[in-house]
Amino acid sequence: MITAAEIQPEFESLLERKAFERIRREAFDYIARGAGSEATMKENLGAFSKWKIRPRVLRNVAEIDLSTTLFNRKLSSPFLFAPIGVQRIAHPDGELASARVAKATDVPFVVSSAASYSMEEIASELEESTRWFQLYCSLEDTVTKSLVNRAEANGYSAIVITVDTPVLGIRETDAHNQYSPLEEGDGCGNYLNDPAFRALLARPPEADMKAALQKQIDIIDQPGLDWDELKKIRRMTKLPILLKGILHPEDAKLALEHNIDGIIVSNHGGRQLDHCIASLDALPDIAQVIQKRIPILLDSGIRTGVDVFKALALGADAVLLGRPFIYGLAVNGEAGVRQVIHKIRHELETSMALAGARTIQEINSDLLFNS
Ligand SMILES: Cc1cc2nc3c(=O)[nH]c(=O)nc-3n(C[C@H](O)[C@H](O)[C@H](O)COP(=O)(O)O)c2cc1C
Ligand SMILES: O=C(O)C(=O)c1ccccc1
């Protein structure tokens, strides 16, 4: 019988291949694979390929400015680090290494609820202005509230609520590998030290780690989350709230009605609902509804600076980088992440110069052609 470990995956890039060679197979599969038949994961890349840049020339591109503003804060470039949990499975320094790059490059870093390290530890590696927190609304309200309070107390400046995970997607390779990073204790940095979480345990994690990790798995998500429940969280904090995982224009409309401060068009990198729409394909209709009233971010399929260009041209204000920086982390820790950020910045800058867009504001759909 052929085992999963004997099947060579198809690699989307040299970087992914190098990551494959560096880390244990189960961890690589967890990061790289998607839900079901991976139709959505492939579609995410295909959606970018459909668009070509239709460049303008003779526009004096001697000065290219990558900066933009988001929630009244200047960003050095129009991207952020996506919330990716369990980063220790890619490298022992996990989020601490990627956060150091976020600080050095002035790129906002979205700390995942399921981070390997705690938001307090990660905060100490970040400038205050680049600290964002991603919230998994917990089945236990006390835990949700505690996570939000800690984010506020530690100088985080925005809360990203992930709304596309009422249940976990079906990840066939992980099931085959019998692999769960949460069970292995690689995503518990924010839970084991949380007073509200600890209050739920019969015995402290130090006495019964297995039960504590199981408890985290049991309560990490709130399948009953709805717009009404969201109002509670809206009342918990004055920080800007973004919803991550919006794909339908009607949900974008509801986000506006519920005083949400920003949305992230995302299908979770094809890890949740297989055969759902590619993020980039969902973007134009959503931009039409939002009409620039709140920022639109996008992730799922950003691999190069040219992809960033295309997403901005179709209506995103900024994008989130996902798998590429985790592959960089797996290959060479902090230095690997830095290389990925520099490469994507360089690609964006070069494609802007070659397309005749001097500023982020000048990137628009007139510079694209759909083939
Ligand atoms: C290993 C891994 C872990 C992730 N963990 C989280 C998470 O904890 N919270 C979250 O909102 N999204 C999580 N995501 C989804 C990313 O934030 C992002 O939506 C996705 O990676 C975008 O797709 P791409 O990486 O293919 O571009 C995770 C993605 C990966 C690959
Ligand atoms: O794997 C994921 O996509 C994800 O969102 C997640 C959920 C729980 C723990 C770690 C990551």
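Structural data are supplied above this passage.
Structure report, in brief. (Residues numbered from 1 in each chain as written. Chains lettered and ligands numbered in written order. Predicted model: local features only at pLDDT ≥ 70, side-chain atom pairs only at ≥ 80, totals over all residues.)

### Quick notes on the site of ligand 2
Part 1 of the argument: Inspection of the region around ligand 2 gives Gly85, Val86, Ala114, Thr165, Leu182, Gly187, His268 and Arg271 as its neighbouring residues.
Part 2 of the argument: For the shell around ligand 2, the per-class residue count stands at 3 nonpolar, 4 polar and 1 charged. (Near = placed C-beta within 6 Å. Nonpolar A, V, L, I, M, F, W, Y, C, P; charged D, E, K, R; others polar.)

### Describing the pairing of strand E11 (residues 318–321)
Part 1 of the argument: Residues Ala318 and Leu320 of E11 are buried on one face, and the alternating residues Val319 and Leu321, pointing to the opposite face, are buried as well.
Part 2 of the argument: Pairing of strand E4 (residues 79–81) with E11, which is carried by 3 bridges, proceeds in the parallel orientation. In the strand pairing of E11, Leu80 is matched with Leu320.
Part 3 of the argument: Note that strand E10 (residues 296–298) and E11 share 2 bridges and pair parallel. Looking at the pairing, Leu298 lines up with Val319 of E11. (Buried ≥ 20, exposed ≤ 12 C-beta atoms within 10 Å, placed from the backbone. Helix = DSSP H or I, 4+ residues; strand = E, 2+ residues; numbered from the N terminus. Pairing = 2+ DSSP bridges.)

### Here's the deal with unusual backbone geometry
Part 1 of the argument: We note that Glu38 has phi near 70 degrees; this positive angle belongs to a residue other than glycine.
Part 2 of the argument: For Glu38, the position within the fold is in the loop between helix H2 (25–32) and helix H3 (39–49).
Part 3 of the argument: One non-glycine residue, Asn72, adopts positive backbone phi at about 65 degrees.
Part 4 of the argument: Mapping Asn72 onto the fold places it in the loop between strand E2 (68–70) and strand E3 (73–75).
Part 5 of the argument: C-beta crowding within 10 Å serves as the criterion here: with 6 such atoms nearby, Asn72 is assigned to the exposed category.

### Notes on H3
Given 3.6 residues per turn, any residue in an α-helix points the same way as the ones three and four places further on.
Part 1 of the argument: Among all positions in H3, only Thr40, Met41, Glu43, Asn44, Ala47 and Phe48 are buried. Buried residues of H3, viewed axially, fall in a sector of 165 degrees; they line one side.
Part 2 of the argument: Where H3 is buried, its residues touch strand E1 (51–53), helix H12 (279–290) and helix H13 (305–313). (Arc of directions from axis to C-beta. Contact = placed C-beta atoms within 7 Å.)

### Section: the environment of Thr237
Part 1 of the argument: With respect to the helices and strands, the residue Thr237 is situated in the loop between helix H10 (227–236) and strand E8 (241–246).
Part 2 of the argument: Of the residues examined, Thr237 has 17 C-beta atoms within 10 Å and is grouped as partly exposed.
Part 3 of the argument: Taking the C-alpha atoms as reference, Thr237 lies 9.4 Å from Lys145; in sequence the two are 92 residues apart.
Part 4 of the argument: If sequence neighbours within four positions are ignored, Thr237 has contacts with Val148, Glu152 and Ile159.

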